[in-house]
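# Structural overview for review
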Amino acid sequence: RQVDSKGQSLISPLKRSFLADGIPTELVWLAEVESSLEPDAESPLGARGLFQFMPSTAERFGLRTAKPDERLVPEKSARAAARYLRLLHKEFGCWFLALAAYNAGEGRVSRALRNSAVKTFDGVAVHLPIETQMYVPKVMATVALREKVDPQALPPPTTQGKGG
């Protein structure tokens, strides 16, 4: 589907935020999967903003959740998402597992890896929720469609930025 002009206008600032943290800018399309690029999106479970942060995760990465809720501020939520993706990539070693952990939680992915003889997303996907089994390919397909790149070729985080 086409991204409307409102959504398209968000992409450049989001990419600047990811770049500042050394995260491949192509991964900003995670926001399209998470929130359809709606900065004020809210899930029934309380996740909010472009990157659908739950309150505890938002606070962990420096976002205030009391009024005004910084999860609803595109650049701030993008910086938090970039820091979270950096941590997840460091922990899991690839974007596929990092995205799985973004969706299902670090503990759940860690347990799936620990209880599995394989250490790839494809190998552990059956041990993860169906939502996560569909989420990771959806994010990667969105990246491929929007950026015309092979998402498997995305580089790891660079040392530039490291948050702030």
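The structure this text deals with has already been given above.
Now for a quick tour of the structure. Throughout, a residue's number is its position along its own chain's written sequence, starting from 1. Totals for whole chains, interfaces and linings use every residue, but because this is a predicted model, local features are given only for residues with pLDDT of at least 70 and side-chain atom pairs only at 80 or more, for both listing and counting. By convention in this description, side-chain values take in all heavy atoms of the structure and omit both hydrogens and water.

## Looking at the pattern of salt bridges
Each reported salt bridge corresponds to a side-chain nitrogen of Lys or Arg within 4 Å of a carboxyl oxygen of Asp or Glu. By the definition in use, this model includes eight salt bridges. Two residues, R146 and E32, come together in a salt bridge whose shortest N-O distance is 2.7 Å. Of the two residues, R146 is situated in helix α8 (residues 130-147) and E32 in helix α2 (residues 30-35); the sequence distance between them amounts to 114 residues. We call a residue buried when its accessible area falls under 20% of the maximum for its residue type, exposed when it is over 50%, and partly exposed in between, using a 1.4 Å probe and counting protein chains only. Residue E32 is classed as buried on the basis of its relative accessible area, which comes to 10%. The shortest N-O distance in the salt bridge between D69 and R71 comes to 2.6 Å. Judged on exposure class, the residue D69 and its partner R71 are both buried. A cluster of three or more residues bridged by salt bridges with shared partners is formed by E42, R48, D69 and R71. Where helices and strands are cited, they refer to DSSP runs of H or I of at least four residues and of E of at least two residues respectively, numbered from the N terminus.

## With respect to the side chain of S35
Mapped onto the elements of the fold, S35 is located in helix α2. Residue S35 is classed as buried on the basis of its relative accessible area, which comes to 6%. Identification of polar contacts relies on pairs of N or O atoms within 3.5 Å, with a donor-acceptor requirement for protein atoms, meaning one able to donate a hydrogen and the other able to accept it, and with residues adjacent in sequence counted only if both atoms are side-chain atoms. A distance of 2.9 Å separates the side chain of S35 from the backbone oxygen of A31, its partner in a polar contact. If near-sequence neighbours (up to four positions away) are discounted, S35 is found in contact with A41, G49, L50 and Q52. Throughout, a residue-residue contact means that at least one pair of heavy atoms, one from each residue, lies within 4.5 Å.

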